[in-house]
Amino acid sequence: MAGKVKWVTDIEKSVLINNFEKRGWVQVTENEDWNFYWMSVQTIRNVFSVETGYRLSDDQIVNHFPNHYELTRKDLMVKNIKRYRKELEKEGSPLAEKDENGKYLYLDFVPVTYMLPADYNLFVEEFRKSPSSTWIMKPCGKAQGKGIFLINKLSQIKKWSRDSKTSSFVSQSTKEAYVISLYINNPLLIGGRKFDLRLYVLVSTYRPLRCYMYKLGFCRFCTVKYTPSTSELDNMFVHLTNVAIQKHGDDYNHIHGGKWTVSNLRLYLESTRGKEVTSKLFDEIHWIIVQSLKAVAVNASPSLTSSTANDRILKYNLINDTLNIAVPNGEIPDCKWNKSPPKEVLGNYEILYDEELAQGDGADRELRSRSGQALGPKAGRSRDSGRTVLTTWK
Amino acid sequence: MSQEESDISLIIAQIVQKLKGSNLYAQLERQAWGSWEKRILKSLNSMCTELSIPLARKRPVGEQKELLNKWNEMGTDEPDLSLFRPVYAPKDFLEVLINLRNPNYENGDSLSFRTHLGLIQVPLKVKDIPELKECFIELGLNTGQLGIDDSTQVPPELFENEHVRIGQKVLAEQDSAAAQQYVRQGSPTALRAELWALILNISSQPEDILYYEQLKTNVIQHDLLVDSLIYKDVKLTASNDDYYFVFEDYLYQVLLCFSRDTSVLSHFAYNSASPPKSYIRGKLGLEEYAVFYPPNGVIPFHGFSMYVAPLCFLYHEPSKLYQIFREMYVRFFFRLHSISSHPSGIVSLCLLFETLLQTYLPQLFYHLREIGAQPLRISFKWMVRAFSGYLATDQLLLLWDRILGYNSLEILAVLAAAVFAFRAVNLMEVTSLAAAEAVLADLSTLKVMPLLQIFLFATVT
């Protein structure tokens, strides 16, 4: 099809705009005929809302699925995973198998979590079983570490118990909703510090599920040494790794922003812990991602603000590779075009899961390999400083 | 062992006592090294006077307690370091080397040396490519290498799996000589920590741990001026590094102990340099007033902490990390900042680098010289730091595998030349030193083994 791709965005970020312009795409406004719209989360809500939204035509694509918040809102994510597990159990799927203590063998990747204020009483029952444990409170609709705090006493969340006793007239606006999870207080530490993983996953189609993981994910470190000591529960610099929080700590270093690449992490873990346990770790991370996507199909809005020069380069390349996969050949999108992109186009993405390929081999391949049986040639190896086999359970 | 322990304490205490309110003076032993020594001590002394900080002092009990509490997070300490400056940087040391004339030399070949157009003017014997090929024969094109033959395109059955199996066998048999031979082809990441310990003959015995604890006690009890220099260096270099910032606290725990470790002095026996020996003011030449300062005889320079940083990827137990670093220092790193005629000494490395470039890349060499960009001025800092902080960590570890495997630092000079060869096309187009520096500013994407292999085995000689 002739004609240049017409793009719109309501996010003024150079990493986006430079990528569109270098492809010779044409910028238009949202009221005109557009092919590609990179939307902010607010716009997505409007576009797909039942009252005011509109249907996309066959030659239009956007950067989020309509139900993306099913994964990004913490309460919805938890609900979806719980529902997914129950569904699998009902189907008798081997994935839903449990051990003698009732714990899921393959789907145990969310700590004990309750919604507040809705599940307050259930939570209290659980809390009393191990009263010395720490729990983490997270507001459902916020990001960047805002509003998160730790508790180890019921009195600290009295507010939510009060609300649950009030009449149902009181509209509990979703802004006040929290999830409370058992806090994992023995995290893996490096250099004595806690860190988290920022991984980029692109979902190009949901049915069949086709998703890609960007090879250049990274870890974000806390600047302060970790201590499970209760006196430091209030010190968010110890417990939260979000850059937005760390940026204000005294020790925050602007040259590197406290980040490591995932391949660096892999090198460190292989060197200090060995290859088997490191490969298993990454396998399980990939497994969690795919299962979460299966529980619901979503895509969230990564931060496009760059904190360092290296970061800007990373995000530029990320968007570049994303566009290459999402808008194949730089041509005007056609929703009927549903083939897997050729390998050369992937850039720094690797196939995380391709349902069509997987189904060709039968669904219980998934389970067999999870119990460690060999499966044949490995798929999708990547080059980084420790070689990755992305998954052994394709 | 407890006798040694109390010996160290005694020595440190004696040093502190002697240095009370004093400055240091050097006894000139040899022209070049002597004047360099004098400069370093002058720098230390002036810092001492300007900042009114003693070279050494005993800490009051309250301060000792505080430091003990903070031992695992000294990085959060923010002493005012703005007035401290590194005693010297690599480029200062380079100037000293450039001005070396007529030292003791081994088999200098003065006839061909007259055509040498580099900065080093000392006629030491260095290897040419045919000799290097013989020496580094395991890096040849027909031998499997980690760093090349473990890439994604190569099926692991061809080399990697078998290599890993052999490595495990070597470890099981605890064969140090076999381990050294083995790592010439690179070490698998999961086996590296153990293999290096085996090669360096480090096994953490209780007495080793005790020894480290004793050094730690010394740090707690006495404060040395060089401590501030160490802090400053870590803050300036490792803390700003993409890979090593995480390990900042380990670096203090190693380096502060290191500067008090008098056993390090013993390496000077085979180092033709000598530790900076000084005398209390007014007592020049009187041996009972001589001190080695700092106690280990090693004055840290700008970038010194980068010798330790990569090791943090392998060892996270402080006393083990310490032992490994100390052994790496007394076997290898000390040669990178002392003047000697040893083939792995920095002078030889510089000369080897320059000779390789002039002989095998003459056009490039002459061009750079012409535009005022003597290649050594750019590569010197890489070699002095054994490339730490310049290469990606996985590549650096593959390089250091070969240092251990061949028990030589010559590979640093070969790699430096190989880097120039790799970027030759761009370098031929630059017209200034600054532009040349820019072309060579970022080595973080380089793969060292292919570069070395091509330079040694695929270049027409």
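Our structure is the block above this text.
Residues numbered from 1 in each chain as written. Chains lettered and ligands numbered in written order. Predicted model: local features only at pLDDT ≥ 70, side-chain atom pairs only at ≥ 80, totals over all residues. Heavy atoms only, no water.

A. Geometry of the overall build of chain A. Of the regular secondary structure elements, chain A holds 13 helices and 16 strands. Sorting the 394 residues of chain A into buried and exposed places 48% on the buried side. Long-range pairs, those at least 24 residues apart, make up 67% of the contacts in chain A with a sequence separation of at least 6. Just so you have it, chain A exposes about 20100 Å², and 51% of that area is on carbon and sulfur atoms. (Helix = DSSP H or I, 4+ residues; strand = E, 2+ residues; numbered from the N terminus. Buried < 20%, exposed > 50% of the residue type's maximum accessible area, 1.4 Å probe, protein only. Contact = heavy atoms within 4.5 Å. Areas by Shrake-Rupley, 256 points an atom, 1.4 Å probe, with all protein chains shown as cover.)

B. Structural view of the packing of helix H10 (residues 206-221) of chain B against helix H13 (residues 318-331) of chain B. All names here are of chain B. The interhelical angle for the contact between H10 and H13, taken along N-to-C directions, is 90°, at an axis separation of 9 Å. In terms of orientation, H10 and H13 fall into the roughly perpendicular class. On H13, the residues touching Asp 208, Ile 209, Tyr 211, Tyr 212 and Leu 215 of H10 are Pro 318, Ser 319, Tyr 322, Gln 323 and Arg 326. Among the residues forming the contact of H10 with H13, the class breakdown is six nonpolar, two polar and two charged. (Axes fitted to C-alpha atoms, helices over the stretch in contact; angles between N-to-C directions. Parallel < 35°, antiparallel > 145°, perpendicular 65-115°, else oblique. Nonpolar A, V, L, I, M, F, W, Y, C, P; charged D, E, K, R; others polar.)

C. Fine view of the pairing of strand S8 (residues 178-182) of chain A. All names here are of chain A. With respect to burial, S8 is a largely interior element, four of its five residues being buried. Strand direction decides the pairing type here: strand S5 (residues 113-116) and S8, joined by four bridges, are antiparallel. By the bridge assignment for S8, Thr 113 is matched with Ser 181. Inspection of the sheet shows strand S6 (residues 135-139) paired to S8 by five bridges, in the antiparallel sense. Directly across from Met 137, in S8, lies its bridge partner Ile 180. (Pairing = 2+ DSSP bridges.)

D. Quick look at the side chain of Ser408(B). Residue and element names in this part refer to chain B. Checked against the element boundaries, Ser 408 lands in the loop between helix H17 (393-406) and helix H18 (410-422). Since its relative accessible area comes to 7%, Ser 408 is described here as buried. A distance of 2.9 Å separates a polar atom in the side chain of Ser 408 from a polar atom in the side chain of Glu 410. (Polar contact = N/O pair within 3.5 Å; in protein donor to acceptor, adjacent residues only side chain to side chain.)

E. Inspection of the interface of chain A and chain B at higher detail. The interface of chain A with chain B comprises 26 residues on the first partner and 31 residues on the second. Between chain A and chain B lies a buried interface of about 2600 Å² when both sides are counted; carbon and sulfur atoms form 52% of it. On inspection of chain A and its partner chain B, the count reaches zero salt bridges. Counting residues per element, the ones that place at least two in the side of chain A that touches chain B are strand S13 (259-261), helix H9 (262-273) and strand S15 (379-382) of chain A. (Buried area = accessible area lost by both parts, 1.4 Å probe. Salt bridge = Lys/Arg side-chain N within 4 Å of Asp/Glu carboxyl O.)

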